[in-house]
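Chain by chain, the residues:
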Amino acid sequence: MIPQAGAILGLMAPNTDFFETIDPAAALRNRFSDAILRALGDDFRDSDPVIRATTNPEFGDFQVNAAMGLGKRLKRPPREVALEILQAVDLDGLAEEPEIAGPGFINVRIRTSALVEALNSIDADHLGVAPSKDTHPVVIDLCGVNVAKQLHVGHLRSTIIGDALGRILERRGRTVLRENHLGDWGLPIAMVLHRLRIAGIDLDALKLVDLDTAYRDGQLVTKMDVRGMEIVEDRNIGPHRIIELEEQNEGAQQQRNAAAETLVALQQGDAELVSDWQKLIDCTMRAVVDILEKLNVLLGTEHNRGESFYRTHLPGIIDTFVDGGLAVRDDGALIVRFPDRERPMLIQKSNGGYLYATTDLAAIRHRVVDENADRVVYVVDARQRDHFKDLFDAARMAGWGVTPDGHDVEMVHIPFGSVLGMDKKPLKTRSGDNVTLASLLDEAISRGRTEVHRRAGDENAPTHGFSKEELDRIGEGVGIGAIKYADLSNDLVRDYVFDMDRMIAFEGDTGPYLQYAHARICSIIAKADEDPDVVSNAPLIIGEPAERALALQLLQYGPMITEAARHLEPHRICTELHGLAETFNSFYQQCPVRKAATDELRRSRLRLCDLSRRVLADGLGLLGIEAIQTM
Ligand code: ARG
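From a predicted model like this one, the values you see are computed outputs, not experimental measurements.

> Just checking my understanding: could you explain the overall build of the protein chain for this structure?
When helices and strands are counted, the protein chain shows 22 helices and 13 strands. Here the protein chain holds 631 residues, and 51% of them are scored as buried. Each charge class in the protein chain can be summarised by its mean position, and for the 72 positive and 98 negative side chains these summaries are 3 Å apart.

See the structure below:
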């Protein structure tokens, strides 16, 4: 447990925990909320004091804006209300005497002693990040590649975002179960198996291209009748063509039948088929693992929880819905209806076959009932929105909205947007194919390396004289950092343009900018050549406005992580770290470190440098981006 630091930022309500006490904004919120209650009475219990950081530090650090809204509600001049709040507020130990400005804003300046005290308390491994009290696991469903299908950019996003969310929740001490819901079961896979067999491909020498071809051919066969007949009917193409098509379709029908038989045999555990099927998975996973390693994500084959894992659960799922009267037969198929929408959820086909949705019901049941997760997070592209809405509603109907120990389950779909090319259309190669994941990563890595090598050519660069291997390794971190940051720094649901030039730039809202900021602080500290023990014990001196700004920025880190974890929004971390890098830059411009006026001041500033470095490294780590030491 974290030590209780009672006096931090003065008097706190007894039920607020340590971490709220290191957050000046939270402390002010408590104090002013109490004051509003005292000044205006019980009707105003728990009103939001509306605390905002000031844009101009001359007026203090924070503004309390509540009097505007309260004045309106009370039909009294806001300034008068502000005055009453001021008379009631107890800011002892926390802030200087506040002032009323304009129509009724209250300007507050945190006491330097309170800032120093708070900084001292975050200067620990936790850096001010509050541990979660929830001991239930969280499931993160990420990656979701499909056996025999090329990995595409959507799987890249799912993996990067899911990994970052996992790291953020783990940072707060949550147990995270990363689960890769591999598409490894069902008719398409059986069709691929069948196609590979008739093509006479040696499965022990199976290559990804073979799988890809078999998958595509299989898809063509599956869709043939529908497509062909549609065209014939649409365009009135004539009897010859119809006969031809019918013959073709007969062939296709035979193949579909063969695939269906293959599936049945597979489901019944035919030893040879199962072993062949495993070879398909292994081949797909070899390519995936290659990519996961490049990506530096905490995901490996041990996290595979493919659709096949749930295959024996499916009949039980159907029973649950039928026995509970939650599903009805409709033209032979089994569907779940929802009170608020037309669209039903299909959970069993009329031929008895199961669907993607059936497996997902089995998976969510398993996660909640067997794994006791109280938060299940699906990182899947936005096009599957309806599917997850149906899934979550159906799961709640079946009683899986509560863990076995009675905790409400939060089911979340994190819908993310597409990655677009420079032409604002979905990324395509020149030949019009979908861009593969592997090619994107290779490009990023090679661009990162080129940039790092180019910079190292400069005699004054800190990397000048590094070996080719060292520079390549740094370049790889830069390239991957660039991709990840671009992926995480926006609202996830937005499409974004894959603009390598912009992403890899060392200036602007980019990963390399933050990596560079980190490396720069490392170099400032190294050049100062001061005993780290002396620095970490040096008393902090917060005098200059730039030191104050840096202190306030550093104190935001912990509370921000709590918010990022609550809302599952990695971009909050990006914004925070970017702000920190900029605040640090102006601190470093305005407050000489090595040439500080006194030894005490130098050491205090070095300690601020070190704290900034650790917060940056911690945040980059949560984004899965390497905090590079020298670049
Ligand atoms: N394999 C699916 C696809 O590529 C994604 C799986 C997402 N996870 C899930 N539980 N449905 O579309």
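Okay, back to it.
> For this particular structure, what's the right way to read the site of the ligand?
Looking at the ligand, the residues that line it are D141, G144, N146, H155, H181, Y356, D360, Y378, V380, Q384 and F388. In this structure, an oxygen atom belonging to the ligand sits 3.2 Å away from a side-chain N or O atom of H155. Between the ligand and D360, the relevant distance is 2.7 Å, taken from a nitrogen atom to a side-chain nitrogen or oxygen of the residue. If the ligand stood free it would expose 350 Å²; the protein chains cover 88% of that surface. Residues belonging to the shell around the ligand are distributed by class as follows: four nonpolar, five polar and two charged.

> Please clarify how the nonpolar core should be interpreted in this entry.
As a rule of thumb, soluble globular proteins bury nonpolar side chains together. F32 and L119 are the most contacted members of the largest nonpolar core, which totals 152 residues. If one sorts the elements of this core by residue count, helix α10 (residues 271-295) sits on top with 10 residues. Those residues in contact with F32 that lie beyond four places of it in its chain are P49, I51, V64, I85, L86, V89, L91, I106 and V108.

> What's the story with helix α15 (residues 468-488) in this structure? I'm lost.
Given 3.6 residues to a turn, an α-helix orients residues that are three or four positions apart in the same direction. Helix length check: α15, at 21 residues, gives a terminal C-alpha distance of 30 Å against a target of 30 Å (1.5 Å per residue), a fit within 8%. Among the 21 residues in α15, 16 count as buried, and that is most of the element.

> Help me understand the pairing of strand β4 (residues 105-108), please; the structure alone is not making it clear to me.
Looking along a regular strand, one sees the side chains alternate between the two faces of the sheet. With three bridges joining them, strand β2 (residues 62-64) and β4 adopt antiparallel strand pairing. Paired with V64 across the two strands is I106, which belongs to β4. Bridge count for strand β3 (residues 99-101) against β4 is three bridges, and the pairing is antiparallel. Its bridge partner being in β4, A101 is matched across the sheet by F105.

> Explanation requested: unusual backbone geometry in the structure shown.
Outside of glycine, negative phi angles account for most residues, and trans bonds account for most peptide bonds. One non-glycine residue, V50, adopts positive backbone phi at about 55 degrees. With respect to the helices and strands, V50 occurs in the loop between α2 (24-40) and β1 (51-53). One non-glycine residue, C143, lies in the positive phi region at around 75 degrees.

> Looking at this structure, I do not really get the environment of D531. What am I missing?
Note that D531 resides in the loop between α17 (511-528) and α18 (532-537). Each C-alpha atom, one on D531 and one on A373, is 46 Å from the other, the two residues being 158 residues apart in sequence.

> Just checking my understanding: could you explain the packing of α17 against helix α22 (residues 599-622) for this structure?
Geometrically, a packed helix pair is captured by the angle between its two axes and the distance between the axes. Two numbers describe how α17 lies on α22: the axes approach to 10 Å, and their chain directions differ by 150 degrees. By the angle class used here, α17 and α22 are roughly antiparallel. Note that α17 runs across α22; the crossing there is left-handed. Two secondary-structure elements touch here, α17 through L514, Q515, A517, H518, I521, C522, I524, I525 and A528 and α22 through L606, C609, D610, S612, R613, L616, A617 and L620. In terms of residue class, the contact of α17 with α22 is made up of 12 nonpolar, three polar and two charged.

> Explain the sheet that holds strand β5 (residues 138-141) to me, please; I cannot follow it from the model alone.
The strands making up a sheet associate through backbone hydrogen bonding, with each pair oriented either parallel or antiparallel. Sheet architecture is open: four strands sit in the order β6-β5-β10-β11, paired in parallel fashion. Strands with a single pairing partner mark the edges of an open sheet, and in this sheet they are β6 (176-179) and β11 (410-416). With strand direction ignored, the average angle separating the axes of adjacent strands in the sheet is 15 degrees. Across four bridges, the pairing between β5 and β6 is parallel. Paired with I140 across the bridge in β6 is R178. Contacting β5, β6, β10 (375-381) and β11, helix α6 (residues 153-171) runs over the sheet at an angle of about 170 degrees to β6. Against the sheet, helix α13 (residues 385-397) makes contact with β10 and β11, and its axis sits at roughly 175 degrees relative to β11, the strand it touches most.

Cut-offs used in this document
- Residues numbered from 1 in each chain as written.
- Predicted model: local features only at pLDDT ≥ 70, side-chain atom pairs only at ≥ 80, totals over all residues.
- Heavy atoms only, no water.
- Helix = DSSP H or I, 4+ residues; strand = E, 2+ residues; numbered from the N terminus.
- Buried < 20%, exposed > 50% of the residue type's maximum accessible area, 1.4 Å probe, protein only.
- Lys, Arg positive; Asp, Glu negative; His and termini not counted.
- Charge placed at Lys NZ, Arg CZ, Asp CG, Glu CD.
- Near = heavy atom within 4 Å.
- Polar contact = N/O pair within 3.5 Å; in protein donor to acceptor, adjacent residues only side chain to side chain.
- Areas by Shrake-Rupley, 256 points an atom, 1.4 Å probe, with all protein chains shown as cover.
- Nonpolar A, V, L, I, M, F, W, Y, C, P; charged D, E, K, R; others polar.
- Core = buried A, V, L, I, M, F, W, Y, C linked by side-chain atoms within 4.5 Å.
- Contact = heavy atoms within 4.5 Å.
- Expected span 1.5 Å × (residues − 1).
- Pairing = 2+ DSSP bridges.
- Axes fitted to C-alpha atoms, helices over the stretch in contact; angles between N-to-C directions.
- Parallel < 35°, antiparallel > 145°, perpendicular 65-115°, else oblique.
- Left-handed = near helix turned anticlockwise from the far one by under 90°.

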